[in-house]
Amino acid sequence: MRLWLVVAIAAPALAGAAVAMLYLWPVDKPEPIETLAGDPGRGAYLARMSGCIACHTDTEGGGKPLAGGVKLPTDFGTFYSPNLTTDPDHGIGNWSLQDFATAVRHGISPEGEPYYPSFPYPFYGSLSDQDVADLWAAFKTVPPVAEASIPHEMSPPFNLRMGLKLWRGLFHHPNAFVPDPERGELWNRGKFIVQGPAHCGACHTPRNFLGARQAEMALHGAGKLPDGGKSPPITSDALKKQGWTVSSLQYALKTGIMPDGDVFGGSMGEVVRDGTAFLSEEDREAIATYLMDTDD
């Protein structure tokens, strides 16, 4: 039998076997979360820090808080943020604390399906059990909104969610937050916020052709942001060259006003408006302290 004929016969079978293996390939098995009483006030604060309000509230379209619908166009297709209200049919009203923890820290749905990394779960892996319990307590206070989430509009082959298992195997390597014992408490707090819930690297780190962050270029800026713009580098060297100081950066995170008198626009303007403006002075100082000294 000629080689081309063997290949023609075997190729579909091998492709089918590969697809079947990928479909059956299990995702991470998350560890159980400790049952803790959550503080909704602290959870609401963490939600602001984590960007939940900005990403899941369609402010421009007049959407209700956390009802989703925010459009996120990318090279892989268009994502729409889902409904995170307590509606049992369209939101997360029927979820458990374990479901919530698994989604937030591991990027896995209650049905066991992986989420697209447009949801920045890789950054939320640093949240403690208490952090997650507090967030859950806050989300349970959100009024239900009976609006279905808009389905993602993904280009082939990215519309095949099973492919995310391969992506996770290649690029998702979660690590718990570990403070640097040689640094002060304020610097470590800033590191936790920047590298964790605030997920600054999601926009300020370039990505490869599969959408994974290039770790060696962390915080060096990126192009092709969803709003069509690009993000500047926010390493300490870059910030210092631009004339930033801890105090001016801390002030900008509160007001959106930069040292030259201009204001943040685009997605960074939203980050300040819906997120960092609500943080404590100490946490804004912690972020600025860390970013102005990121040589760790």
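The rules behind the values
All residue numbers refer to positions counted from 1 along the written sequence of the respective chain. Since the coordinates come from a predicted model, pLDDT governs what is reported: local features require at least 70, and pairs of side-chain atoms require 80 or more to be given and counted, while whole-chain, interface and lining totals use all residues. Side-chain metrics rest on all non-hydrogen atoms present in the structure, leaving aside hydrogens and water. A run of DSSP states H or I qualifies as a helix once it reaches four residues; a run of E qualifies as a strand once it reaches two. Both are numbered from the N-terminal end. Buried means the residue's accessible area, taken with a 1.4 Å probe over protein chains only, is under 20% of the maximum for its type, while exposed means over 50%, and partly exposed covers the values in between. Stacked, edge-to-face and tilted labels apply to pairs of Phe, Tyr and Trp rings (six-membered ring for Trp) whose centres lie within 6.5 Å, assigned for plane angles under 30 degrees, over 60, and everything in between, in that order. Whether a charge lies above a ring is judged from NZ of Lys or CZ of Arg, which has to be within 6 Å of the ring centre and within 35 degrees of the ring normal. To obtain the arc, one takes the directions from the helix axis to the C-beta atoms. Paired strands, as defined in this entry, are two strands with at least two bridges between them according to DSSP. Contacts are residue-level and defined by heavy atoms, with any inter-residue pair within 4.5 Å sufficient. By the criterion applied in these results, polar contacts are pairs of N or O atoms within 3.5 Å in which, for protein atoms, one can donate a hydrogen and the other can accept it, and in which residues neighboring in sequence qualify only through two side-chain atoms. Like charges within 9 Å and nonpolar side chains (Val, Leu, Ile, Met, Phe, Trp, Tyr) within 5 Å are joined into patches, using only residues over 30% in relative accessible area that form no salt bridge. Note that accessible areas follow from Shrake-Rupley with a 1.4 Å probe, and for residues the cover is restricted to the protein chains shown. The term salt bridge refers to a side-chain nitrogen of Lys or Arg lying within 4 Å of a carboxyl oxygen of Asp or Glu. A residue's pLDDT is the confidence the predictor assigns to it, expressed on a 0 to 100 scale.

## With respect to the overall build of the chain
Point 1. Check the secondary structure of the chain and you find 13 helices and 3 strands.
Point 2. Counting every position in the chain, which comprises 296 residues, the buried fraction comes to 39%.

## Some words on the packing of aromatic side chains
Point 1. Considering all chains together, one arrives at 11 aromatic pairs under this definition.
Point 2. Each ring, one from Tyr 115 and one from Phe 119, has its centre 5.7 Å from the other, and the planes form 85 degrees; the classification is edge-to-face.
Point 3. The exposure class of Tyr 115 is partly exposed, given its relative accessible area of 22%.
Point 4. Classification of Phe 119 as partly exposed rests on a relative accessible area of 21%.
Point 5. A connected cluster of aromatic rings, assembled from ring pairs, spans Tyr 115, Phe 119, Tyr 121 and Tyr 124.
Point 6. Taking the ring centre of Trp 187 as reference, the NZ or CZ of Arg 183 above it sits at 4.4 Å.

## Some remarks on helix α7 (residues 163-171)
Along an α-helix, residues three or four positions apart point the same way, because every turn accommodates 3.6 residues.
Point 1. Burial in α7 covers these residues: Leu 164, Lys 165, Trp 167 and Arg 168. The arc that holds every buried residue of α7, seen down its axis, measures 160 degrees, which confines them to one face.

## Regarding the sheet that holds strand β1 (residues 71-74)
Point 1. Pairing within the open sheet is antiparallel, and its 3 strands lie in the order β1-β2-β3. Two strands close off the open sheet at either side, each with one partner strand: β1 and β3 (153-154).
Point 2. In this sheet, strand β2 (residues 77-80) lies alongside β1 in antiparallel orientation, the contact comprising 4 bridges. Bridging across to β2, Pro 73 finds its partner in Thr 78.

## Some details on the environment of Arg 48
Point 1. Along the polypeptide, Arg 48 turns up in helix α2 (residues 40-50).
Point 2. Arg 48 has contacts with Ile 53, Asp 274, Gly 275 and Phe 278, leaving out every residue within four places of it along the chain.

## A closer look at α2
Point 1. Gly 43, Leu 46, Ala 47, Met 49 and Ser 50 are the residues of α2 that are buried. All buried residues of α2 project into a common sector of 160 degrees when viewed along the axis, lining one side.
Point 2. If you follow the buried residues of α2, they end up packed against α3 (52-56), α5 (121-124), α6 (129-139), α8 (185-195) and α13 (281-291).
Point 3. Its side-chain oxygen 2.9 Å from the backbone nitrogen of Gly 41, Asp 39 forms the N-cap of α2.

## So, a nonpolar patch on the surface
Point 1. The grouping of Tyr 251, Ile 257 and Val 263 at the surface amounts to a nonpolar patch, some 260 Å² of accessible area in total.
Point 2. In this structure, Tyr 251 sits in helix α11 (residues 246-255).

## A word on the confidence of the model for the chain
Point 1. The pLDDT averaged across the chain works out to 88; a share of 89% of its residues lies at or above 70.
Point 2. Model confidence for the chain, summarised as mean pLDDT per element, is weakest for helix α1 (residues 3-24) at 43 and strongest for α13 at 98.

## What about the pattern of salt bridges?
A side chain of one charge can pair with a side chain of the opposite charge when the charged atoms of the two come close.
Point 1. Scanning the model with the defined rule gives 8 salt bridges in all.
Point 2. Note that Lys 254 is salt-bridged to Glu 281, the shortest N-O span being 3.2 Å. Pair noted here: Lys 254 is in helix α11 and Glu 281 is in helix α13, with a separation of 27 residues, a long-range link.
Point 3. The residue Arg 284 makes a salt bridge to Glu 281 at a minimum N-O spacing of 2.8 Å. With a gap of 3 residues between them, Arg 284 and Glu 281 both fall in helix α13, about one helical turn apart.
Point 4. If you follow the salt bridges from partner to partner, you end up with Arg 42, Asp 131 and Asp 134 in one network.

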